[in-house]
Amino acid sequence: MLDFRSLFCNWFGHLVERCTRLDQYLVERAAAAPDGRNKVPPIVIDLLGSLALLTEEIHRKATYLISLSAREVHDKRSTFYAEARAAAEEFRRLHGYVSHIPAPWPSPELEVFLRRVIEESGYRSASGSLERRAWTILLSGDYNFSHILVPPSAASRGMVPQNVLHVPAAEKDNPLIWPNLVHELAHIIGVESGIVSAAQELPLVEGKSGAVRKVLEEWTHEIVADLLATDFLGPAYFGAFVSFVAYWIPYSLRRRSRWHPEADCRVDYILRRLREGPKSLESALVSQLKTEYEGRLQLDYEDERFRTEFFEDIAAASSGKSDYPSNADLQEFASSIVELPSYRKVAPMLLTEGDAAIIEALGRRVTSGEIIASRREPSARITFGSEEEIRGKFEEALDQLRDKPNKIVHILNAALLRKLSYEDSSKVRAGAPVAYTTQLLDDFCRTPVAGSKRLAALRRDVNGLDLVISKSIEGAQILSFYQDFDEAS
Amino acid sequence: MKPRILTDSEVVYALLTNAIVVTPLLSKSQVGATLDLRLGTEFVVKKMDRLTHIDPIWFNQLERSDPEVMVRFYETVKLVDPTTAFVLHPGQFALGCTLEYIDLPPQIGGMLEGRSSWAREGLNVHSTAGLIHPGHKGVIVFELLNAGSHPIPLYPGIRVAQLLLYELDSVTRQPYGLRDDSKYSRYVATNFGRPWADWEFECLGQKSRRRPAELKREEQHPGESERAQPEQGRSETS
């Protein structure tokens, strides 16, 4: 049976969380602006005003609705939607003005994060398209991948094409959403490694009629990027994808377009790929995320008005069947792509049960010193059984000591695990897929955001892993800086 | 019985079996009779313009009212790029930390010392607090002081210190991280000292007559108490 109230609270929890992050970002941005620049432009003032109105409206209504029964919620929702929708639309209109920030603030953490993910995956760019100057990150209003032509430098003639990864400004500090950016980076990898062109020549594509074939060719970019991001990051990508697709305000990704299939199909082939990985991760992470995603869809179908006004109409978009490949075709297509030699050459090994064990250790809410665990694996690599043996072969033993900090894929999945397993025995309803976010809503809506002790506790809990992420990234950066010299010597 | 200092082979064996965790261990050259430790990416300095003097009684009360309040007296400098230096000027004091996260078992402790090469330039890495307790988990904080005559550029990732490991005769009953008064356990970044968190200052604060007025003033006018400190301090000493 549909738990309407919890799903409803879930959605607004995310909305308020997102608004709060945007609010924080704008405050930081104003504080970091150089002297002489208008620190708080009028549009930002309007935006913040609208944001405050929206937050207040949600706060008021959610507090009211939580106190009602599920039946009453069902009866009164139309009034609530109308008011909340008006506030949300005003917010969206104003947000449009600042969605593209012409002079992006540098975001070194994001860049280092992406480089680390690629480095850990073992991918080596042949054409240099992943080199430092070949792409840039733009704080923007949405996730996207695009090319721009930049003016020539002293070393080049003519306009130079530059790959641009767009990341929503409001999400720049949320590592659990960053995997979406890995998907955008995978667009570059998919093209330059020849996976996309090889996939477009598969018999399944070439055997289709003109319109369907054209669509499949266009969608290949997106499918390859999805699969690569899944292989690079495991469930963490699925988590970011679900969060992005299910809760992002424009909702354009939910239905099919010229560039990508509908979200349901994408979820299907991502899930299929994930199920080839460790079973322990599937039970801990994947099933929960899938349930959350399906719950989100169920809410859409439950409320026609809500669906047509707030979200894109998925059913209508899916009704024109003639010019689009079927879901079965897409699943088969995705399965064929991962078998391509060019794909196997690029994609890293799937996560193992050993990885799952590290993720489980890092994901525990009460962690001790193992939170930055050494990646040395005694069972696999260590050949010395005693200290006496080392005395005889000291240099050989030293060779086995090379050590790296935790992999990003471990930390991200652990953070996700921690978030999903967050529980408070007094409030969690048995089996509720959205217990965590419902709890968040309570914290956000029932008490003033800034003064909430509960919210502070939530933040502190996640902050521990944030620090591990940054510490791990820094260690890896210094490691790679000295690695060449050390190996040569 | 006396504690025993670990040999290089014993250190390597302990590292290989994860009895001791030092991560990331970037180079073989870090391991010998002692473990060379690298400089981390975060440096913390006091904001000298805001703090007139250290009053542990007042700080104890202030921190109890808001655990985050002390942050405003410190400035953190973050240098992620290995080619960018934090310049430590002659006579300057700053806090840094190891790049390595160190996890010691309950029977192994460490003694932090500087490396001779840097010591000859006047760099001190600790100020009489070089003992690492058995059971320590987290980064080790450096109390950096330039006692030389020229500024010293400190790059993240360079080896500035060494850790001598010793083994106790038996396992300690209270490893550092499990003690009630362990203030610096499981940190992954440079953290400033908190001598005022000792229980003695809580006791002193409760018996001090000036506490309520100051605390009240701080609550009513945040930030003004720092400016009011010098006058109050003088009046008390006179």
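Keep in mind that what you see is a predicted model, and the values were worked out from it rather than measured. (Residues numbered from 1 in each chain as written. Chains lettered and ligands numbered in written order. Predicted model: local features only at pLDDT ≥ 70, side-chain atom pairs only at ≥ 80, totals over all residues. Heavy atoms only, no water.)

Residues and elements named next belong to chain B. On average, chain B scores 82 in pLDDT, and the residues at 70 or more come to 84%. Within the model, pLDDT remains below 50 along residues 228-238, and this stretch shows ten contacts once partners closer than five positions in the same chain are excluded. For this predicted complex, the interface score ipTM comes out at 0.72, while the overall pTM is 0.61. (pLDDT = per-residue confidence, 0-100. Contact = heavy atoms within 4.5 Å.)

All names here are of chain B. With omega at 0°, the peptide bond leading from Thr23 into Pro24 counts as cis. With respect to the helices, strands and loops of the structure, Pro24 is situated in the loop between β2 (21-23) and β3 (35-38). Backbone geometry places Thr128, a non-glycine residue, at a positive phi of 60°. Within the secondary structure, Thr128 is located in the loop between β10 (123-124) and β11 (131-132). (Helix = DSSP H or I, 4+ residues; strand = E, 2+ residues; numbered from the N terminus.)

Next up on the list: helix α1 (residues 8-16) of chain B. Residue and element names in this part refer to chain B. Taking burial as the measure, the nine residues of α1 include seven buried ones, the bulk of the element. Those residues of α1 that sit buried are Ser9, Glu10, Val11, Val12, Ala14, Leu15 and Leu16. Following α1 by one or two positions, Asn18 has its phi on the positive side, about 65°. (Buried < 20%, exposed > 50% of the residue type's maximum accessible area, 1.4 Å probe, protein only.)

What follows concerns the pairing of strand β7 (residues 93-97) of chain B. On any regular strand, side chains alternate: one points to one face of the sheet, the next to the other face. Residue and element names in this part refer to chain B. Burial of β7 is extensive: four of the five residues sit out of reach of the surface. Where β7 and strand β13 (residues 141-146) come together, five bridges link them in antiparallel fashion. Across the sheet, Leu95 pairs through a bridge with Glu143, a residue of β13. (Pairing = 2+ DSSP bridges.)

This part covers the sheet that holds strand β12 (residues 137-138) of chain B. All names here are of chain B. With respect to topology, three strands assemble into an open sheet ordered β2-β8-β12, the strand pairing being antiparallel. Both outer strands of the open sheet, β2 and β12, are each paired with one neighbouring strand and no more. Alignment of strand β8 (residues 101-103) against β12, held across two bridges, turns out to be antiparallel. Along β12, the bridge assignment pairs Asp103 with Lys137.

Residues and elements named next belong to chain B. Structurally, the position occupied by Asn191 is in the loop between β15 (159-167) and α4 (199-207). Judged by its relative accessible area of 10%, Asn191 falls in the buried class. If we skip the residues at most four places from it in the chain, Asn191 touches Leu95, Val141 and Tyr184.

Residues and elements named next belong to chain A. Mean pLDDT over chain A: 67, with 44% of residues reaching 70 or higher. Looking over chain A, one finds the lowest element-wise mean pLDDT in helix α21 (residues 435-446), namely 34, and the highest in helix α6 (residues 195-200), namely 92. Within the model, the stretch residues 98-106 combines pLDDT values under 50 with 22 contacts to residues more than four positions away or in other chains. Here residues 423-452 is a poorly scored stretch, pLDDT under 50, and it has 53 contacts once near neighbours within four places are set aside; other chains count.

Let us now look at a nonpolar patch on the surface. On the surface, B:Ile5, B:Met111 and B:Leu131 cluster together to form a nonpolar patch covering roughly 260 Å² of accessible area. Position of B:Met111 among the secondary structure elements: in strand β9 (residues 108-114). (Patch = residues over 30% accessible without salt bridge, like charges linked within 9 Å, V, L, I, M, F, W, Y side chains within 5 Å. Areas by Shrake-Rupley, 256 points an atom, 1.4 Å probe, with all protein chains shown as cover. Salt bridge = Lys/Arg side-chain N within 4 Å of Asp/Glu carboxyl O.)

The next point concerns the nonpolar core. Within the largest apolar cluster, 72 residues are counted, with the highest numbers of intra-cluster contacts made by A:Ile223, A:Leu228, A:Leu233, A:Phe238, A:Phe333, A:Ile337 and A:Tyr343. Counting residues per element, this core draws most heavily on helix α8 (residues 210-233) of chain A, at eleven residues. Beyond its immediate sequence surroundings of up to four residues, A:Tyr343 is in contact with A:Ile195, A:Leu227, A:Leu228, A:Asp231, A:Arg273, A:Ile337 and A:Val338. A:Leu401, B:Val22, B:Val160 and B:Ala161 belong to the second largest nonpolar core, which has 42 residues in total. (Core = buried A, V, L, I, M, F, W, Y, C linked by side-chain atoms within 4.5 Å.)

The next point concerns the side chain of B:Glu100. Tracing the backbone through its elements, the reader meets B:Glu100 in the loop between β7 and β8. Within the buried set, B:Glu100 has no salt-bridge partner at all; the shortest N-O distance to an opposite charge, 4.4 Å, is to B:Arg38. Here the side chain of B:Glu100 touches B:Gln30 through a polar contact of 2.9 Å, side chain to side chain. Beyond its immediate chain neighbours, meaning those up to four positions away, B:Glu100 contacts A:Lys471, B:Val22, B:Thr23, B:Pro24, B:Gln30, B:Asp36, B:Leu37, B:Arg38, B:Gly138 and B:Val139. (Lys, Arg positive; Asp, Glu negative; His and termini not counted. Polar contact = N/O pair within 3.5 Å; in protein donor to acceptor, adjacent residues only side chain to side chain.)

So, on to the packing of α8(A) against helix α10 (residues 263-274) of chain A. All names here are of chain A. Remark: α8 packs on α10, axes separated minimally by 10 Å, with the N-to-C direction vectors making an angle of 35°. Note on packing geometry: the crossing formed by α8 with α10 is right-handed. Listed contacts from α10 to Glu222, Ile223, Asp226, Leu227, Thr230 and Asp231 of α8 are Arg266, Tyr269, Ile270, Arg273 and Leu274. (Axes fitted to C-alpha atoms, helices over the stretch in contact; angles between N-to-C directions. Left-handed = near helix turned anticlockwise from the far one by under 90°.)

What follows concerns the pairing of strand β4 (residues 42-46) of chain B. Residue and element names in this part refer to chain B. Of all five residues in β4, four are buried; the element is thus mostly enclosed. Sheet topology places β4 next to strand β5 (residues 74-78); five bridges connect them, and they run antiparallel. Each bridged residue has a counterpart across the sheet, and for Glu42 the counterpart in β5 is Lys78.

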